[in-house]
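Take a look at the letters that make up each chain.
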Amino acid sequence: MGSQKSPIKKNEIRLIADGINHSNPTDNENQHSIMWLLDKGLILKEKAGYISTEKGNLLIKKAEIKSSKTILSIWENLSSEIERKNKA
């Protein structure tokens, strides 16, 4: 996944969201999502962009284990994990 190895910028986050949802998030949606991920400790802001934390990496690994190893399956499982965290 993009931010596990090196920081990614907001426009790259937007492209990932577009690939998942087949529509570009608005600036407000993008910023809200980034703030939520920061608040939950799943990403960190670095000078060069955003990077997944250890907690975020564990969530990604959990989604990968539950998946059929296709990107779509991983994203669906990751989305489910994030929805569960959002309710907590």
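All figures in this text were calculated on a predicted structure; none of them were measured in a lab.

Calculation rules
Residues numbered from 1 in each chain as written. Predicted model: local features only at pLDDT ≥ 70, side-chain atom pairs only at ≥ 80, totals over all residues. Heavy atoms only, no water. Helix = DSSP H or I, 4+ residues; strand = E, 2+ residues; numbered from the N terminus. Buried < 20%, exposed > 50% of the residue type's maximum accessible area, 1.4 Å probe, protein only. Contact = heavy atoms within 4.5 Å. Salt bridge = Lys/Arg side-chain N within 4 Å of Asp/Glu carboxyl O. Pairing = 2+ DSSP bridges. Phe/Tyr/Trp six-rings, centres within 6.5 Å; stacked < 30°, edge-to-face > 60°. Lys NZ or Arg CZ within 6 Å of the ring centre and 35° of its normal. Core = buried A, V, L, I, M, F, W, Y, C linked by side-chain atoms within 4.5 Å. Axes fitted to C-alpha atoms, helices over the stretch in contact; angles between N-to-C directions. Parallel < 35°, antiparallel > 145°, perpendicular 65-115°, else oblique. Left-handed = near helix turned anticlockwise from the far one by under 90°. Nonpolar A, V, L, I, M, F, W, Y, C, P; charged D, E, K, R; others polar.

Participant: Any chance you could explain the overall build of the chain here in plain terms?
Facilitator: Looking only at helices and strands, the chain features 4 helices and 2 strands. Listed by position from the N terminus, the elements making up the chain come as α-α-β-β-α-α. Looking at the chain residue by residue over its 88 residues, the buried ones come to 30%. Considering only contacts in the chain between residues 6 or more positions apart, those separated by 24 or more positions represent 39%.

Participant: Would you take a moment to explain the pattern of salt bridges for this structure?
Facilitator: If the charged atoms of two oppositely charged side chains come close together, the side chains can form a pair. Summed over the entire model, instances satisfying the criterion amount to 2 salt bridges. Linking glutamate 81 and lysine 62 is a salt bridge whose minimum nitrogen-to-oxygen distance equals 3.4 Å. Pair noted here: glutamate 81 is in helix 4 (residues 71–87) and lysine 62 is in helix 3 (residues 54–66), with a separation of 19 residues, a long-range link. Overall, the relative accessible area of 41% leaves lysine 62 in the partly exposed class. Through salt bridges with shared partners, one network takes in Lys62, Glu81 and Arg84.

Participant: Sorry, what's going on with the pairing of strand 1 (residues 43–46) here?
Facilitator: Along a regular strand, successive side chains alternate from one face of the sheet to the other. Alignment of strand 1 against strand 2 (residues 49–52), held across 4 bridges, turns out to be antiparallel. Looking across to strand 2, one finds that glutamate 46 is bridged to glycine 49. Here strand 1 folds back onto strand 2, and the loop between the two strands holds 2 residues.

Participant: It is not clear to me how the packing of aromatic side chains should be interpreted in this structure. Could you clarify?
Facilitator: What characterises a pair of aromatic rings is the spacing of the ring centres plus the angle enclosed by the ring planes. Applying the stated criterion across every chain yields a total of 0 aromatic pairs. In this arrangement the basic side chain of lysine 45 is found over the ring face of tyrosine 50, its NZ or CZ atom lying 5.1 Å from the centre.

Participant: What's the story with the nonpolar core in this structure? I'm lost.
Facilitator: One recurring pattern in soluble globular proteins: nonpolar side chains tend to sit buried together. Within the largest apolar cluster, 6 residues are counted, these being Trp36, Leu42, Leu59, Ile60, Ala63 and Leu78. With 3 residues, helix 3 is the largest single contributor of residues to this core. Excluding residues within four positions of it along the chain, tryptophan 36 makes contact with Leu42, Ile82, Lys85 and Asn86.

Participant: What is the right way to read the packing of helix 3 against helix 4 from this model?
Facilitator: Geometrically, a packed helix pair is captured by the angle between its two axes and the distance between the axes. Running from N to C, helix 3 and helix 4 point in directions that differ by 130°, and their axes come no closer than 8 Å. Here helix 3 lies oblique to helix 4, going by the angle between them. Seen along the crossing, helix 3 lies across helix 4 with a hand that is right-handed. Contact residues: helix 3 offers Lys55, Leu59, Ile60, Lys62, Ala63, Glu64 and Lys66, while helix 4 offers Ile74, Asn77, Leu78, Glu81, Ile82, Arg84 and Lys85. Residues that form the contact of helix 3 with helix 4 fall into these classes: 6 nonpolar, 1 polar and 7 charged.

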